[in-house]
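Residue-level structure breakdown
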Amino acid sequence: MAPPPKPDLFARLRKPLEYAGGLSPERLSRIPDLGANLISILGSASIEHRRFDDFKKLCVGLDGLSGRDRASRVADLVRLLDLMEKGPQKSAESESAGRGLDEKSLADSWKRMASGAQYVKGVGPRLAEKLSRLGIVTVEDLLFHLPSRYEDRRDVTEIRGLEPGEKAAVIAEIMALGASERRGVGRMFHMALADGTGVMTLAWFRYSGDWLETRFKKGDRVIASGKVTSFRGELAMNHPEVERLDEDDDFSSSPGVLPVYPLTEGVHQKTMRKIVANALEAHGEGFPETLPPALIQKRGLPDIGSALRLVHAPPEDADIDDYNRSRSAAHERLAYEELFYLQLGLALRRRDAVEEPARPVRPDNDLAARFRASLPFALTEDQERTGSEILGDMAKRGAMHRLLQGDVGSGKTVVAMLAAAAAVGSGGQAAVMAPTEILAEQLFRVARETLEGLGVRVELLTGSVKGRKREEVYDDIASGLVQVVVGTHAVIQEKVKFKALTLGIVDEQHRFGVVQRARLKDKGEDGITPHLLVMTATPIPRTLAMTVYGDLAVSVIRKPPPGRKPIETSVVRENDRARVYDEVRREVKKGGQAYVVYPLVEESEKLELRDAESMAEFFTETFPDLKVGLIHGKMKPEEKDEAMRGFKSRRLDVLVATTVIEVGIDAPNASLMVIEHAERFGLSQLHQLRGRVGRGQRRSRCFLIAGWTRSDDSWRRLKVMEKTADGFRIAEEDLAFRGPGEFFGSRQSGLPDFRVANIIRDAEVLSRAREDAFLLARDDPGLSQPEHRFMRAVLKKKWGRRLRLGRVG
């Protein structure tokens, strides 16, 4: 056994480290041979100990690091020295707390968890095939197949003891059951139960299908739980939870709070509960604990084994409401781990991104100053603030990586043009990328109007720019003659070479894939990364921004420029359509213009919805005195451009459209928006469409025509649009109604899939996880501390593929 290190060794190591730790990164970078001297001190002591080996590894390469990285490594060395100096007892405690946290033991644990679910007791090949339909393939999948809800069977009550208004569970026999029609109510299903002490009725309103008939029959013994009501003096439960009991179900020893799992055909609750219990017994304690002991202690979290056991088998004193809302300590522990590792990955991505070398931009250069002076209006307070944040980032030698959020009409574009002017004024180029030709052309017009008068050459590059003109634009971008290029994805094609791309701007960035944004960043000079500004007019809720864009610095323009008039919004039913059409005619006769938006381009056999093409014909025939145009995504670019120009120049009175007008059309005279089948759109998309009117001096209105909605929820959702014009509040409501996966209308590339966490429900857990992860990334950016090294493997397993492209947002 190696002798313990002498106290003077720690003092000799600590002296240069404490001196170095008190220096600024700039001064620290001038100290030669710091790492070499530390290695020399270790060598003279001839100590053989694992922690000293770790210390030596951190010293290797220290002298070749930049000042900032060297300061971070010095801090790591001081922490490790503190740990070593605590002595054998403390070290043993630390080793015990961190048992299983090295990469080899993690790999061994994960290998066991990756074994097939069919080898769990009670499964076998036939049941495994059915479980695969639920996504359960491995032992880990089975352990994380969490209950969708919980039944409280701690107080099973006889029917004669029930009181209206209370929640209760009864065990009884089905005496009769069946569906019936009732006037004013529709189809219903009733079930009569008796337990020898009394009789009660179970009822399901607006019943469809045959799912109850196929699950239950007369004579079945069931357990029913729900809120007790009284109907015509008889006890009842409406829409209760009911489960058929087998003959061997024994309630003499109460099972307490019982998990109810998502199932598939051929798999029953009793079977699922049994095999999950078997998996827990065999593998629950062996599931690897991947949170550092310090975090578990800081947040008072149960260990992973306990959390899995409790979430599947709640204790006798469990709070049923907490469990059913996934707010138990066990649920929050599992959610915290998922969110912590996502946030840690995002924190490390942000650190990597800002350390990419970039061309620094002088924020107060002559061109930027002349740009400000040339504006015919003063920037708002929000525009000034966000502009300063962006220019401040661009002044650094590390690449900017910033998201600019702004509601419809808030003035994001002028802030982006200020950034472009600053980039060009510092000798660089700027590229602006938009998802559609219509939007690219509008941005091009704005760039030309604001920059060309200052001597900046601006060019457009889209699919419509062809032949010799396209080749000329390529050549002039490569030579630097074109200082600002605006376009679609054509901007990132292989033939496009920049001389000194300094700033990339991506508008409506959620419509681009991660790879496309990566290609824009790759257009920089060798060894130089362009600053990146991504913009969106879709206000993003805070919780979603922390997950999808957690590695970006965020700037927000909340207030629109003065003068924007409020838009009066009304949700109307189908039978009010004729009245709305009359409003279209009246508005045009008063000098205004109207949009009428449909979800479909053309008629569909599968969907009974109005479409843009047939309704354009309808308006033309019904209102022969009005000039009606049509625009949709399937039209050729020149046709769309003609329709847009015709509407903006007021040669058209009514523009029948699909959501292609969501961005990119700015017609100040448009004062009426009609959106058909509004229930089929997300709230944020409706808000975007509504923002196409109210851009001039006319009073503007928006009618949302909703079909006879299938649920009260969809109607309540639309009524939000009447109450507020705040895009951020609407976005929060939209996220709550539709969930994160569909917030943008289709699944956002890069949005994580969670097994446990829900970013709406777990907003507070997300905030805590983010705070802890960003703090850890700041203190140990290389995950080089011994107690953190295993985290690299965890990150790779959980988010590896997504984290690799994270630097581009």
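Keep in mind the model is a prediction, meaning the values are calculated, not measured. (Residues numbered from 1 in each chain as written. Predicted model: local features only at pLDDT ≥ 70, side-chain atom pairs only at ≥ 80, totals over all residues. Heavy atoms only, no water.)

On to the pattern of salt bridges. Using the criterion set out here, one finds 43 salt bridges in the structure. Across the pair Arg457 and Asp476 runs a salt bridge whose closest N-O atoms are separated by 2.7 Å. Taken together, the residues Arg457 in the loop between α19 (437–451) and β11 (458–461) and Asp476 in helix α20 (residues 467–479) connect sequence positions 19 residues apart. The class for Arg457 is partly exposed, based on a relative accessible area of 28%. With a relative accessible area of 16%, Asp476 lands in the buried category. A salt bridge links Glu642 to Arg651; the shortest N-O distance between them is 3.4 Å. Look at Glu642 and you get partly exposed, because its relative accessible area is 39%. Among the charged side chains, a salt-bridge network with shared partners connects Asp382, Arg385, Glu389, Asp393, Lys396 and Arg402. (Salt bridge = Lys/Arg side-chain N within 4 Å of Asp/Glu carboxyl O. Helix = DSSP H or I, 4+ residues; strand = E, 2+ residues; numbered from the N terminus. Buried < 20%, exposed > 50% of the residue type's maximum accessible area, 1.4 Å probe, protein only.)

Quick look at the packing of aromatic side chains now. Evaluated as defined, the whole model comprises 12 aromatic pairs. Aromatic side chains Tyr150 and Tyr323 sit 5.1 Å apart centroid to centroid with 80° between the ring planes, which places their arrangement in the edge-to-face category. Highlighted residues: Tyr150 in strand β1 (residues 149–152) and Tyr323 in helix α14 (residues 320–324), separated in sequence by 173 residues. Both residues of the pair, Tyr150 and Tyr323, belong to the buried class. Both rings, one in Phe340 and one in Tyr341, keep their centres 5.1 Å apart while their planes meet at 80°; by these two values the pair is edge-to-face. Taking relative accessible area as the criterion, Phe340 reaches 0% and is therefore assigned buried. For Tyr341, a relative accessible area of 0% puts it in the buried group. In textbook terms, an aromatic cluster arises when at least three aromatic residues are bridged by ring pairs, as seen for Phe189, Trp204, Tyr207 and Trp211. Sitting over the ring of Phe144, Arg755 keeps its end group 3.9 Å from the ring centre. Here Arg770 stacks its cationic end above the ring of Phe774, 4.2 Å away from the centre of that ring. (Phe/Tyr/Trp six-rings, centres within 6.5 Å; stacked < 30°, edge-to-face > 60°. Lys NZ or Arg CZ within 6 Å of the ring centre and 35° of its normal.)

This brings us to the sheet that holds strand β19 (residues 654–657). Overall, parallel pairing links the six strands, which are arranged β16-β21-β20-β17-β19-β18 in an open sheet. Each of the sheet's edge strands pairs with one partner strand only, and the pair in question is β16 (567–573) and β18 (628–631). Across the sheet, the axes of successive neighbouring strands diverge by a mean angle of 20°, strand direction being ignored. Sheet analysis places strand β17 (residues 593–597) next to strand β20 (residues 670–675), joined by five bridges and oriented parallel. (Pairing = 2+ DSSP bridges. Axes fitted to C-alpha atoms, helices over the stretch in contact; angles between N-to-C directions.)

Remark: helix α18 (residues 412–425) packs on α19, axes separated minimally by 11 Å, with the N-to-C direction vectors making an angle of 55°. Between α18 and α19, the interaxial angle falls into the category oblique. Crossing handedness for the pair α18 and α19: right-handed. Residues Thr413, Met417 and Ala421 of α18 touch α19, and the partners they reach there are Leu443, Val446, Ala447, Thr450 and Leu451. (Parallel < 35°, antiparallel > 145°, perpendicular 65-115°, else oblique. Left-handed = near helix turned anticlockwise from the far one by under 90°. Contact = heavy atoms within 4.5 Å.)

Turning next to the nonpolar core. Counting residues in hydrophobic clusters, the biggest one holds 64 residues, and the most contacted among them are Met272, Leu334, Phe340, Tyr341 and Leu344. The greatest single-element share of this core, amounting to 12 residues, is contributed by helix α15 (residues 329–354). Residue contacts for Tyr341: discarding those within four places in its chain leaves Thr290, Leu291, Phe790, Met791, Val794, Leu795, Lys798 and Trp799. Grouped together as the second largest cluster of nonpolar side chains are 42 residues, Leu367, Ile390, Val415 and Phe444 included. (Core = buried A, V, L, I, M, F, W, Y, C linked by side-chain atoms within 4.5 Å.)

Moving on: the packing of α19 against helix α25 (residues 637–648). Two numbers describe how α19 lies on α25: the axes approach to 10 Å, and their chain directions differ by 55°. Classified by the interaxial angle, the pair formed by α19 and α25 is oblique. Once α19 is placed against α25, the crossing between them reads as right-handed. Counted together, Glu437, Ile438, Glu441 and Arg445 of α19 and Pro637, Lys640, Asp641 and Met644 of α25 form the full contact between these two elements. Per-class residue counts for the contact of α19 with α25 are three nonpolar, no polar and five charged. (Nonpolar A, V, L, I, M, F, W, Y, C, P; charged D, E, K, R; others polar.)

As a further point, take the pairing of β20. Extensive coverage of β20 is indicated by the burial of six of its six residues. Inspection of the sheet shows β20 paired to strand β21 (residues 700–706) by four bridges, in the parallel sense. Note on β21: the bridge partner recorded for Ile675 is Leu704. In this view, the connection linking β20 to its parallel neighbour β21 by way of helix α26 (residues 683–690) has right-handed handedness. (Right-handed = clockwise from strand over helix to strand, strands pointing away.)

On to the sheet that holds β11, then. Reading across from one edge, β11-β12-β10-β13-β14-β9-β15 is the order of the seven strands in this open sheet, with parallel pairing throughout. Of all the strands in the sheet, the pair left with one neighbour each is β11 and β15 (553–557). Ignoring strand direction, the axes of neighbouring strands in this sheet form an average angle of 20°. Against the sheet, helix α17 (residues 381–394) engages β9 (401–406), β13 (501–506), β14 (531–536) and β15, with an angle of about 160° to β15.

The next point concerns the environment of Leu13. When you line up the elements, Leu13 lands in helix α1 (residues 7–21). In this view, Leu13 contacts Leu38, Ile41, Leu42, Phe52, Phe55 and Leu81; residues no more than four positions away in its chain are not counted.

Glancing now at the environment of Ala434. Its place among the elements puts Ala434 in the loop between β10 (429–433) and α19. Given the relative accessible area of 1%, Ala434 is considered buried. With 53 residues separating them in the primary sequence, Ala434 and Gly487 have C-alpha atoms 6.2 Å apart.

On average, the chain scores 83 in pLDDT, and the residues at 70 or more come to 87%. Within the model, pLDDT remains below 50 along residues 88–100, and this stretch shows nine contacts once partners closer than five positions in the same chain are excluded. In this model residues 745–750 is a low-confidence stretch, pLDDT under 50, and it forms 10 contacts with partners more than four residues away in sequence or in other chains. (pLDDT = per-residue confidence, 0-100.)

This paragraph deals with α25. An α-helical turn contains 3.6 residues, so any two residues separated by three or four positions project in the same direction. End to end, α25 covers 16 Å across 12 residues, agreeing with the expected 16 Å (1.5 Å per residue, within 8%). Among all positions in α25, only Lys640, Asp641, Ala643, Met644, Gly646 and Phe647 are buried. Packed against the buried residues of α25 are α19, β17, β18, β19 and β20. Where α25 terminates, the next one or two residues include Arg650, which has phi positive at roughly 70°. (Expected span 1.5 Å × (residues − 1).)

With that settled, the discussion passes to helix α7 (residues 103–113). Listing the buried residues of α7 in full gives Ser105, Leu106, Ser109, Trp110 and Met113. Buried residues of α7 fall within an arc of 135° about the axis and therefore sit on the same side. Among the exposed residues of α7, those oriented more than 90 degrees off its buried face are Lys104 and Lys111. (Arc of directions from axis to C-beta.)

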